[in-house]
Amino acid sequence: MDYLTLEYQDQVALVGLNRPAKRNAISDAFIEELNTVITEVESRAKAAVIYGHGPHFCAGLDLAEHVKKTPFEGVHGSRRWHEVFGRIQRGKLPWFGALHGAVVGGGLELASSVHVRVADSTAFFALPEGQRGIFVGGGASARTARLMGVSRMTDLMMTGRSVDADTAERWGVVNYVVSAGTAVEEAVKMAARAATNAELSNYAIIHALPRINDMSTDDGLWVESIIASFTQTSPEAEERLNAFLQKRVGKVTNPNA
Ligand code: 1HE
């Protein structure tokens, strides 16, 4: 592989963006390799972690390649990013992002496609498309705006400013902030835990929550009831419910204890 590394720790796949000399900037060939790796990961793992090699998570779109494209090639490129990132967001597995350094432009769009984001204290977030004379094209207007809100995204794009990991956490862009250099380790622990959930529950979480979020309350509640009933009648749910009732598995932990 030219742009990615792939290894497994038990049921967790670790996917590393591996073009550090160009700050993991994403070219057309890079996105195709990511697409291939997603297929491979879905066939072998129960959860995945994506992270960046080198000093940054990802500097976004490969601007050297992009500058030579026609507008129509630009549309196709954007639509391909949508397809590939969509396979992460609405695929078979929970994905965890381990973020450090620059998480900018298309790098933030990639990070917005995963399900849980863990940033270390070196991470910073920006959408410099306005300054580059372009617009977001890898899903930020739909995904990143849903995380941080349209007003904050407008601010980032208008002013070109960067925000740190604590601000990103306050804005709902990242779920956890951890100390420098520990994001991968923490994300792998969380992914390993998620890998032990019922596969059907993980699938429902990934697919139902964002869709219900886009529905009216009334439609959302109806869909929720169908999924609740569908999951609870599975043999795996019966086994897991009985395991709790027979005290064979642990209780929910109390964070104040
Ligand atoms: C790149 C790219 C890139 C770095 N495309 N080559 N993204 C941006 O506008 C972010 C542009 N990048 C930066 O602001 C900085 O590179 C970083 C803050 C991310 C990192 O800084 P630093 O000092 O660690 O690295 P550097 O010296 O700036 O970059 C090292 C090399 O990577 C250098 O190439 P070199 O041949 O001179 O060594 C850079 O040119 C190259 N490089 N970033 C191509 N993005 C689907 S739509 C999505 C739209 C977007 O993503 S727009 C935002 C693009």
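Above: the structure in question.
Attention here is on the structure that accompanies the text.

1. Things to note about the pattern of salt bridges
Part 1: Under the definition given, this model contains 11 salt bridges.
Part 2: Across the pair Arg 80 and Glu 83 runs a salt bridge whose closest N-O atoms are separated by 2.5 Å. On the criterion of helical spacing, the pair formed by Arg 80 and Glu 83 is a turn pair, its members being 3 residues apart in helix α3 (residues 71-89).
Part 3: Overall, Arg 80 belongs to the partly exposed group, its relative accessible area being 23%.
Part 4: Three or more residues are tied together by salt bridges with common partners; here these are Glu 32, Arg 80 and Glu 83.

2. Comments concerning the sheet that holds strand β7 (residues 124-126)
Part 1: In space, the 3 strands of this open sheet follow the order β5-β7-β8, with mixed pairing throughout. A strand with exactly one partner marks an edge of an open sheet, and here the two such strands are β5 (102-104) and β8 (163-164).
Part 2: Here 3 bridges tie β5 to β7, and the two strands are oriented parallel to one another. Across the sheet, Val 104 pairs through a bridge with Ala 126, a residue of β7.
Part 3: Of the strands in this sheet, β5 and β7 touch helix α4 (residues 106-113), which is tilted by about 85° from β5.

3. Focus: the packing of α3 against α4
Part 1: Put simply, α3 and α4 touch, their axes get as near as 8 Å, and they point 35° apart. Across from Trp 81, Phe 85, Ile 88 and Gln 89 in α3, the residues of α4 making contact are Gly 106, Glu 109, Leu 110 and Ser 113.
Part 2: Here the contact of α3 with α4 is composed, by residue class, of 4 nonpolar, 3 polar and 1 charged.

4. Focus on the sheet that holds strand β3 (residues 47-52)
In a beta sheet, neighbouring strands are held together by backbone hydrogen bonds and run either parallel or antiparallel to one another.
Part 1: Across the sheet, 6 strands lie side by side as β1-β2-β3-β4-β6-β9; this open sheet has mixed pairing. Across the chains shown, the open sheet's two edge strands, defined by having one partner strand only, are β1 (4-9) and β9 (176-178). Neighbour-to-neighbour, the strand axes of the sheet open up by a mean angle of 20°, direction not taken into account.
Part 2: The sheet contact formed by β3 and strand β4 (residues 95-99) spans 3 bridges and is parallel.

5. Some details on the packing of helix α1 (residues 28-44) against α3
For any two helices packed against each other, one specifies the inter-axial angle together with the distance between the axes.
Part 1: For the pair α1 and α3, interaxial distance at closest approach is 10 Å and the crossing angle is 20°. The orientation of α1 with respect to α3, classified from their angle, is roughly parallel. α3 is crossed by α1, and the crossing has left-handed handedness. Of the residues in α3, those in contact with Ile 31, Glu 32, Leu 34, Asn 35, Ile 38, Thr 39 and Glu 42 of α1 are Arg 80, Trp 81, Val 84, Phe 85, Arg 87 and Ile 88.
Part 2: Across the contact of α1 with α3, the residue classes break down as 7 nonpolar, 2 polar and 4 charged.

6. Quick look at the site of the ligand
Part 1: As a structural note, the neighbourhood of the ligand is formed by 22 residues, with Lys 22, His 56, Ala 59, Gly 106 and Arg 132 the closest of them.
Part 2: A distance of 2.7 Å separates a nitrogen atom of the ligand from a polar atom in the backbone of Ala 59.
Part 3: Take Leu 61: an N or O atom from its main chain is 2.8 Å from a nitrogen atom of the ligand.
Part 4: Coverage of the ligand by the protein amounts to 65% of the 1000 Å² it exposes when considered alone.
Part 5: Of all the secondary-structure elements, those providing two or more residues to the shell around the ligand are β5, α4 and α5 (129-132).
Part 6: Looking at the shell around the ligand residue by residue, the classes come out as 10 nonpolar, 6 polar and 6 charged.

Criteria and thresholds
- Residues numbered from 1 in each chain as written.
- Predicted model: local features only at pLDDT ≥ 70, side-chain atom pairs only at ≥ 80, totals over all residues.
- Heavy atoms only, no water.
- Salt bridge = Lys/Arg side-chain N within 4 Å of Asp/Glu carboxyl O.
- Helix = DSSP H or I, 4+ residues; strand = E, 2+ residues; numbered from the N terminus.
- Buried < 20%, exposed > 50% of the residue type's maximum accessible area, 1.4 Å probe, protein only.
- Pairing = 2+ DSSP bridges.
- Contact = heavy atoms within 4.5 Å.
- Axes fitted to C-alpha atoms, helices over the stretch in contact; angles between N-to-C directions.
- Nonpolar A, V, L, I, M, F, W, Y, C, P; charged D, E, K, R; others polar.
- Parallel < 35°, antiparallel > 145°, perpendicular 65-115°, else oblique.
- Left-handed = near helix turned anticlockwise from the far one by under 90°.
- Near = heavy atom within 4 Å.
- Polar contact = N/O pair within 3.5 Å; in protein donor to acceptor, adjacent residues only side chain to side chain.
- Areas by Shrake-Rupley, 256 points an atom, 1.4 Å probe, with all protein chains shown as cover.

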